[in-house]
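Topology and contacts: notes
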Amino acid sequence: MNIAIDGPAGAGKSTIARLAAKRLGFLYVDTGAMYRAIALYLLDTETDTDDSDALKDALDQIRINIVYEQDVQHVFLNLQDVSAEIRSEKVGNMASRTSQIKAVREKLLDLQRDIARENNVIMDGRDIGTNILPDAELKIFLTASVDVRARRRYDELRNMGEWPDLEVIKSDIEQRDYQDMNREIAPLKQAEDAVLIDSSEMSIDEVVDEIIRLKEEAEVPQE
């Protein structure tokens, strides 16, 4: 069974998908982490993403693996654990831009579909239900207000020992929303058959419970 969770930056997709997957015994596939790993590599190598040949050469050098150790996700980029590095705002903004590039998306598309074909998965991202897993048995569009998403990201960064500016984070989120919804390739949008969940006034546990309920409902045979 495949569960697709889409939504804008800061909606809590990764946290909620990971917890729901653990309760269901599903494999959690963090597509955002994959795009961030690519973005980190392109930043570190100062690759000109407007140069198609340079970009292709860079993508050919990238190998991404996601490993779970004691229920903790570790993202490896060319055998190096980059789980912490990919969570910076700089990498997140780069990932939002580079995920619009066809070659970058094709790099990950087959890998993501192969994983879903062979496992019960919960996969989160921007275009899972509309593009990556259009036949998923359950599709969810998870969102929250910009103010709530900015505050969540602010708290996350503070817990990591950083001193972010809340207004800058809010501005970044608004810009990323615009980029994600207006990109030419696979823009962020709610699939026609997706269930909308607004988590602005919901706790993490309440959202997870709702996903479990929807999953059980989706398994009931239709007459």
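Below is a summary of the structure that appears in this document. (Residues numbered from 1 in each chain as written. Predicted model: local features only at pLDDT ≥ 70, side-chain atom pairs only at ≥ 80, totals over all residues. Heavy atoms only, no water.)

1. Some remarks on the pattern of salt bridges
Spelled out, the test is: Salt bridge, as used here: a side-chain nitrogen of Lys or Arg that lies within 4 Å of a carboxyl oxygen of Asp or Glu. Note on conventions: DSSP H or I runs of at least 4 residues are helices, E runs of at least 2 residues are strands, and numbering of each starts at the N terminus. Three exposure classes are used, based on accessible area relative to the maximum for each residue type with a 1.4 Å probe and protein chains only: buried under 20%, partly exposed in between, and exposed over 50%.
All told, the structure shown has 17 salt bridges when counted by the stated rule. The salt bridge partner of Arg117 is Asp114, with a shortest N-O separation of 2.6 Å. Of this pair, Arg117 and Asp114 are both found in helix H5 (residues 102–118), three residues apart, which corresponds to roughly one turn of the helix. Between Lys215 and Glu219 there is a salt bridge; the shortest N-O distance is 2.9 Å. Linking Lys215 with Glu219, this pair stays in helix H9 (residues 204–219), spanning four residues, or about one helical turn. By relative accessible area, Lys215 is classed as buried at 12%. Salt bridges linked by common partners bring Glu89, Arg153 and Glu156 together as one network.

2. Let's talk about the sheet that holds strand S3 (residues 64–69)
Spelled out, the test is: Any two strands are treated as partners once DSSP identifies two or more bridges connecting them.
Pairing is antiparallel in the open sheet, where three strands are placed in the order S3-S4-S5. If you trace the sheet from one side to the other, it starts and ends with S3 and strand S5 (80–81), each paired once. Bridge count for S3 against strand S4 (residues 72–77) is six bridges, and the pairing is antiparallel. Bridge pairing in S4 places Ile66 opposite Val75.

3. Here's the deal with the packing of aromatic side chains
For clarity, the cut-off: Whether two aromatic rings pair depends on their centres lying within 6.5 Å, for rings of Phe, Tyr and Trp, where Trp uses its six-membered ring; planes under 30 degrees apart make the pair stacked, over 60 edge-to-face, and the rest tilted. Note on criteria: charge over ring means Lys NZ or Arg CZ within 6 Å of the ring centre, with the direction from the centre no more than 35 degrees off the ring normal.
Counted under the stated rule, the structure contains zero aromatic pairs. Between Arg158 and the ring centre of Trp163, over which it is positioned, the NZ or CZ distance is 3.9 Å.

4. Digging into empty space enclosed by the protein
Test applied: Using a 1 Å grid laid over the protein atoms alone, points where a 1.4 Å probe fits but cannot get out form a cavity; open sets with protein on both sides within 12 Å along at least 5 of 7 lines form a pocket; any residue with an atom within 4 Å of a point counts as lining. Grid points are joined across faces, edges and corners, and a volume is the space filled by probe spheres set on the points. Residue polarity follows a fixed list, in which Ala, Val, Leu, Ile, Met, Phe, Trp, Tyr, Cys and Pro are nonpolar, Asp, Glu, Lys and Arg are charged, and the others, Gly among them, are polar.
Within this structure, the stated rule accounts for one cavity of 30 Å³ or more. Taken as a whole, the largest cavity spans an internal volume of roughly 40 Å³. Lining of the largest cavity is provided by Ala4, Asp6, Gly129, Lys139, Ile140, Phe141, Lys189, Gln190, Ala191 and Ala194. Only strand S1 (2–6) and strand S7 (138–143) provide two or more residues apiece to the lining of the largest cavity. Per-element accounting of the lining of the largest cavity gives the leading share, three residues, to S7. Grouping the amino acids of the lining of the largest cavity by side-chain chemistry returns five nonpolar, two polar and three charged.

5. Examining the environment of Glu174
Structurally, the position occupied by Glu174 is in helix H8 (residues 166–182). On the basis of relative accessibility, which here comes to 41%, the residue Glu174 falls in the partly exposed class. As a C-alpha pair, Glu174 and Thr98 span 76 residues in sequence and 17 Å in three-dimensional space.

6. Description of the environment of Ile212
Put simply, the rule is: Contact criterion: two residues are considered in contact whenever any of their non-hydrogen atoms come within 4.5 Å of each other.
Examined against the element boundaries, Ile212 turns out to sit in helix H9. Its relative accessible area of 9% is what places Ile212 among the buried residues. Spatially, the C-alpha atom of Ile212 lies 32 Å from that of Val91, the residues being 121 residues apart in sequence. Residues in contact with Ile212, not counting those within four places in the same chain, are Ala20, Arg23 and Leu24.

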